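One-letter residues, chain by chain:
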Amino acid sequence: MNIYADNGATTKMSQRAIDAMIPYMAEFFGNPSSLYSIGQKAKEALEDARERVAKCLGCTPAEITFTGGGSEADNQAIVSAAMAGARKGKMHIISSAFEHHAVLHTLKKLAGEGYDVTLLDPGERGIVTAEQVKAAITPDTCLVTIMFANNEIGTIMPIKEIGAVCREAGVTFHTDAVQAVGHIPVNVKEQNIDMLSLAAHKFHGPKGCGVLYVKKGLPIYNIIEGGAQERGKRGGTENVAAIMGLAAALEESCENMQADCEKLVPLRDRLIEGLSKIPYSILNGDAVNRLPGNVNYCFEGIEGESLLLLLDDKGICASSGSACTSGSLDPSHVLLSIGRPHELAHGSLRLTIGADITEEEVDYIIKSVTEVVAYLRSISPFWHDLESGKRQHMIKEFWR
Ligand SMILES: *Cc1c(COP(=O)(O)O)cnc(C)c1O
């Protein structure tokens, strides 16, 4: 069997997205800034895509800037709000400890330049609340940036409520919605969002293409200087084909959202139920308030990398921590932020299933993970110490 269960890292492009791209590579390859007709054809397509994306997000086309992906949109949003804040003498930024590195590393850079950054604690459930945000806002706060849904543990934040708290305090609110868009309802107007980042490749569109939404009236600062593309806010010839793919994939995933959700939630819960039977295992993140396709577990006495390699042998693509940190020995900052000890965080498994998965495949994943965990424990001296009582189990509840 071959099962792709790493949709949180990236997704397979949909045929509709591929079909939408091809004409803009083959036929209408012109530069949208050129005046002749193949250039103008590309320009028209670009503006049509902008309108369609705006419609999906609940904003106006002028509020949409196309970027080179989710990370770039996060960088630009945060830097824009930070610069605008500094001009008013406000240099305090609120975020959370389990944001994506595109956010955390940008904040780290700003902290080095004199900004004061507060990282809220998502707690054991992995959810940052509006009350926490409200309590952290000071007269110096220029930006609140809280992710819509966490990329590792899939938990969903109360974005509308956080947005309302920010509106009331007059503070700009950005959300990294890269994991949410196309999977759960997102509407910037209804959810009080001032700035939002998304990436096409997380909803069956192409890689290297994203969107930054910025509410009308808020300043945007360039991070890529160049020509007058994107109203001078993002230099560089637009990736027209990818933008067409993004718009098509976004429309398609929004059309399919409800049906996909109805299919995925029971399968996700079946997977959670099946894996919960593994001794000394624990689900990471809230069981209910999580993305339809996300399952994340820690298994005591297991090395995540070995688990992934053996699952790969069984035809299952999964991840441990996030793709960006694999290869490094540090345990996931997300799992540490929700209070998992280092040793436990090392034994994590993220399965992010897509709507094309079947019940048989879910059962195969459960069977495979159960076997692999048992095998790895059987050859682990560390596990033998736990079994013989030389070491204490970290996961307390006794399973039999
Ligand atoms: C994938 C991801 C990003 C980065 O997007 P890229 O398009 O890969 O740059 C940012 N934030 C979250 C939550 C993500 O899942």
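Look up: the structure comes first, before these words.
For the structure given in this document, a descriptive report is provided here.

About the cut-offs
Numbers given for residues are sequential positions, taken from 1 along each chain in its written order. Whole-chain, interface and lining totals are the exception, using all residues; otherwise, since this is a predicted model, local features are given only for residues with pLDDT of at least 70 and side-chain atom pairs are given and counted only at 80 or more. The basis for every side-chain value is the complete set of heavy atoms in the structure, and neither hydrogens nor water enter the calculation. Each pair of aromatic rings taken from Phe, Tyr and Trp, with Trp reduced to its six-membered ring, is defined by centres within 6.5 Å and is described as stacked if the planes are under 30 degrees apart, edge-to-face if over 60, and tilted in the remaining cases. Three exposure classes are used, based on accessible area relative to the maximum for each residue type with a 1.4 Å probe and protein chains only: buried under 20%, partly exposed in between, and exposed over 50%. Numbering of helices and strands runs from the N terminus; a helix is a DSSP stretch of H or I covering at least four residues, while a strand is a stretch of E covering at least two. Pairs of strands are assigned from DSSP output, requiring at least two bridges between the strands. As a rule, the C-alpha atoms of each element are fitted with a line to give its axis, helices using only the stretch in contact, and angles between N-to-C directions run from 0 to 180 degrees. In what follows, residue pairs with any heavy atoms lying within 4.5 Å of each other are defined as contacts. We call a set of buried residues a nonpolar core when its members are Ala, Val, Leu, Ile, Met, Phe, Trp, Tyr or Cys and they connect through side-chain atoms within 4.5 Å of each other. Just so you know how the angles are binned, under 35 degrees is roughly parallel, over 145 roughly antiparallel, 65 to 115 roughly perpendicular, and the rest oblique. A crossing counts as left-handed when the near helix is turned anticlockwise from the far one by less than a right angle, and as right-handed when that turn is clockwise. Each residue is assigned to one class: nonpolar for Ala, Val, Leu, Ile, Met, Phe, Trp, Tyr, Cys and Pro, charged for Asp, Glu, Lys and Arg, and polar for all the others, Gly among them. Salt bridge criterion: a side-chain nitrogen from Lys or Arg within 4 Å of a carboxyl oxygen from Asp or Glu.

**Here we look at the packing of aromatic side chains**
Thinking step 1. Considering all chains together, one arrives at 3 aromatic pairs under this definition.
Thinking step 2. Note on Tyr-24 and Phe-28: the rings are 5.7 Å apart at their centroids and 45° apart in plane angle, and the pair reads as tilted. As far as the burial class goes, Tyr-24 and Phe-28 line up, both buried.
Thinking step 3. Note on Tyr-280 and Trp-383: the rings are 5.9 Å apart at their centroids and 70° apart in plane angle, and the pair reads as edge-to-face. Linking Tyr-280 in the loop between helix H8 (240-276) and strand E9 (281-283) with Trp-383 in helix H13 (residues 381-387), this pair joins segments that are 103 residues apart in sequence.

**Section: the sheet that holds strand E4 (residues 116-120)**
Thinking step 1. The strand order E2-E8-E7-E6-E5-E3-E4 describes an open sheet built from 7 strands, whose pairing is mixed. The open sheet has two edge strands, strand E2 (64-67) and E4, and neither has a second partner. Between one strand axis and the next, the sheet turns by 20° as a mean value, whatever way the strands run.
Thinking step 2. Across 3 bridges, strand E5 (residues 141-145) lies against strand E6 (residues 172-176) in parallel orientation. Each residue of the ladder has a partner; that of Val-144, found in E6, is Phe-173.

**So, unusual backbone geometry**
Thinking step 1. At Asn-192, a position not held by glycine, the phi torsion is positive, near 55°.
Thinking step 2. Along the chain, the position of Asn-192 falls in the loop between E6 and strand E7 (195-199).
Thinking step 3. Located in the positive-phi region is Tyr-280, a residue other than glycine, with phi close to 50°.

**Considerations on the pairing of strand E10 (residues 294-299)**
Thinking step 1. Counted residue by residue, E10 has 6 buried out of 6 residues, so it is predominantly covered.
Thinking step 2. Examined bridge by bridge, E9 and E10 share 3 bridges and lie antiparallel to one another. When the bridges of E10 are listed, Leu-283 appears paired with Tyr-297.
Thinking step 3. In terms of strand pairing, E10 meets strand E12 (residues 348-352) through 5 bridges, oriented antiparallel. Residue Tyr-297 lies in a different strand from E12, and its bridge partner there is Leu-349.

**Side note on the sheet that holds E12**
Thinking step 1. The strand order across the open sheet formed by 3 strands is E9-E10-E12, and the pairing between neighbours is antiparallel. Every interior strand has two partners, whereas the edge strands, E9 and E12, have only one. Adjacent strand axes in the sheet meet at a mean angle of 25° when their direction is disregarded.
Thinking step 2. Lying over the sheet, H8 contacts E9, E10 and E12, oriented at roughly 10° with respect to E10.

**What to know about the nonpolar core**
Thinking step 1. The biggest cluster of nonpolar side chains holds 71 residues, and the ones touching the most others in it are Leu-57, Val-133, Val-144 and Leu-196.
Thinking step 2. Counting residues per element, this core draws most heavily on H8, at 9 residues.
Thinking step 3. Each residue touching Leu-57, except ones within four places of it in the same chain, is listed here: Ile-64, Val-181, Val-186, Asn-187, Val-188, Leu-196, Leu-198 and Val-211.
Thinking step 4. Grouped together as the second largest cluster of nonpolar side chains are 30 residues, Val-295, Ile-302, Leu-307 and Val-373 included.

**Thoughts on the packing of H8 against helix H12 (residues 359-378)**
Thinking step 1. Orientation of H8 relative to H12, taken along the N-to-C sense of each, is 20°, at an axis distance of 9 Å. Considering the angle they form, H8 stands roughly parallel to H12. H8 and H12 meet at a crossing whose hand is right-handed. The residues of H12 that touch H8, namely those facing Leu-267, Arg-270, Leu-271, Gly-274 and Leu-275, are Glu-359, Val-362, Asp-363, Ile-365, Ile-366 and Val-369.
Thinking step 2. Along the lines of polarity and charge, the residues of the contact of H8 with H12 split into 7 nonpolar, 1 polar and 3 charged.

**Quick word on the pattern of salt bridges**
Thinking step 1. With the rule as written, the count across this model stands at 20 salt bridges.
Thinking step 2. Of the charged contacts in the structure, one is a salt bridge between Arg-125 and Asp-286, with a shortest N-O distance of 2.9 Å. Of this pair, Arg-125 sits in the loop between E4 and helix H6 (130-136) while Asp-286 sits in the loop between E9 and E10, placing them 161 residues apart in sequence.
Thinking step 3. With its nearest N and O atoms 3.6 Å apart, the salt bridge here joins Arg-391 to Asp-385.
Thinking step 4. Through salt bridges with shared partners, a single ionic network connects Lys-43, Glu-47, Arg-50 and Glu-230.

Scope: geometric values only; no functional claims are made or implied.
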